[in-house]
Amino acid sequence: MIADLLESQTWLDAPTWRNTYATKVPASLSKVLLVTTSLTRFLEQHYALNLDVHVYEQAMGFAQAAEAALLHIGPDERCLRRKVSLLHRNRVMFDAESILPLDVLPVELMAELEAGQRPLANLLSERGLCLSRSDLSISHIQDHDYYEQRWARRSVLRSESGATALVTEVFHEALWSKLNYLSSR
């Protein structure tokens, strides 16, 4: 879903993107792309936008070379790959793919992930795990097979427990339309 589409994209680190694009795009877009806390919580708190999670796939496997490098793991380490869409009133606002190395993933977190009802960052922070987001980078997706131009971001979430996750999010035009509408009310 996401990995194949994004493999050929150009990624800019957050400071470079901010200097290049932040003043050329709507403020809501810039805020969403640059948020370093839980994105779903940010959207709930700033826009009263509640999102539901729809899990497409959750499977054990291995990270691709670029993913392993960002996670600082070997290519032979097993990972959980989770592909979801986040919806508002049954409309997809964005898709996300998370890759979590299994070696430090708490068992109770694995059970919550398998239930597939909550966003990853919310699950981590509700367990009292302090999150930090590093390696934040942003891409403007150029996909000729899809009529809508989309933005994406990827980052590594790290918790105090040692759990890490590479999270890639692809934002649909529906999100920006909804945020513009909510901002104007």
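Everything in this summary refers to the structure shown in the same document. (Residues numbered from 1 in each chain as written. Predicted model: local features only at pLDDT ≥ 70, side-chain atom pairs only at ≥ 80, totals over all residues. Heavy atoms only, no water.)

### A look at the packing of aromatic side chains
So, point 1. Summed over the entire model, instances satisfying the criterion amount to 6 aromatic pairs.
So, point 2. Seen in terms of ring centroids, Trp17 and Trp151 are 5.7 Å apart; in terms of plane orientation they differ by 85°. Their pairing is edge-to-face. Separated by 134 residues along the polypeptide, Trp17 in helix 2 (residues 14-21) and Trp151 in strand 6 (residues 150-159) bring together distant segments of the chain.
So, point 3. Classification of Trp151 by relative accessible area gives buried; the value is 8%. (Phe/Tyr/Trp six-rings, centres within 6.5 Å; stacked < 30°, edge-to-face > 60°. Helix = DSSP H or I, 4+ residues; strand = E, 2+ residues; numbered from the N terminus. Buried < 20%, exposed > 50% of the residue type's maximum accessible area, 1.4 Å probe, protein only.)

### So, the packing of helix 3 (residues 27-34) against helix 8 (residues 173-184)
So, point 1. Helix 8 packs onto helix 3 with a crossing angle of 120° between their chain directions and a minimal axis gap of 9 Å. Viewed along their axes, helix 3 and helix 8 adopt a mutual orientation that is oblique. At the point where helix 3 passes helix 8, the crossing takes the right-handed sense. Taking contact as the criterion, the partners of Ser28, Leu29, Val32 and Leu33 in helix 3 are, on helix 8, Leu175, Trp176, Leu179 and Asn180.
So, point 2. Residues belonging to the contact of helix 3 with helix 8 are distributed by class as follows: 6 nonpolar, 2 polar and no charged. (Axes fitted to C-alpha atoms, helices over the stretch in contact; angles between N-to-C directions. Parallel < 35°, antiparallel > 145°, perpendicular 65-115°, else oblique. Left-handed = near helix turned anticlockwise from the far one by under 90°. Contact = heavy atoms within 4.5 Å. Nonpolar A, V, L, I, M, F, W, Y, C, P; charged D, E, K, R; others polar.)

### Re the pattern of salt bridges
So, point 1. Summed over the entire model, instances satisfying the criterion amount to 5 salt bridges.
So, point 2. Of the charged contacts, one joins Glu57 and Lys83 as a salt bridge, the two residues approaching to 3.7 Å between their closest N and O atoms. Of this pair, Glu57 sits in strand 2 (residues 52-62) while Lys83 sits in strand 3 (residues 78-88), and the two are 26 residues apart along the sequence.
So, point 3. For Glu57, a relative accessible area of 37% translates into the label partly exposed.
So, point 4. Residue Glu67 is joined to Arg81 by a salt bridge in which the shortest nitrogen-to-oxygen separation is 2.8 Å. Pair noted here: Glu67 is in helix 5 (residues 65-71) and Arg81 is in strand 3, with a separation of 14 residues, a long-range link. Taken as a pair, Glu67 and Arg81 share a single burial class, namely buried.
So, point 5. Through salt bridges that share partners, Glu57, Glu67, Arg81, Lys83 and Glu97 make up one connected network. (Salt bridge = Lys/Arg side-chain N within 4 Å of Asp/Glu carboxyl O.)

### With respect to the nonpolar core
So, point 1. Trp17, Val32, Leu43, Phe94, Leu175 and Trp176 are the most contacted members of the largest nonpolar core, which totals 30 residues.
So, point 2. Residue assignment for this core shows that the elements contributing at least two residues are helix 2, helix 3, helix 4 (39-47), strand 3, strand 4 (91-101), strand 5 (131-141) and helix 8.
So, point 3. Among the elements that make up this core, the one with the highest residue count is helix 8 (5 residues).
So, point 4. Those residues in contact with Trp17 that sit more than four places away from it in its chain are Leu12, Ala22, Val25, Leu29, Ser30, Leu33, Leu34, Ile138 and Trp151.
So, point 5. Leu71, Ile73, Cys79 and Leu166 belong to the second-largest nonpolar core, a separate cluster that totals 8 residues. (Core = buried A, V, L, I, M, F, W, Y, C linked by side-chain atoms within 4.5 Å.)

So far we have only geometry, and geometry alone does not tell us how the molecule works.
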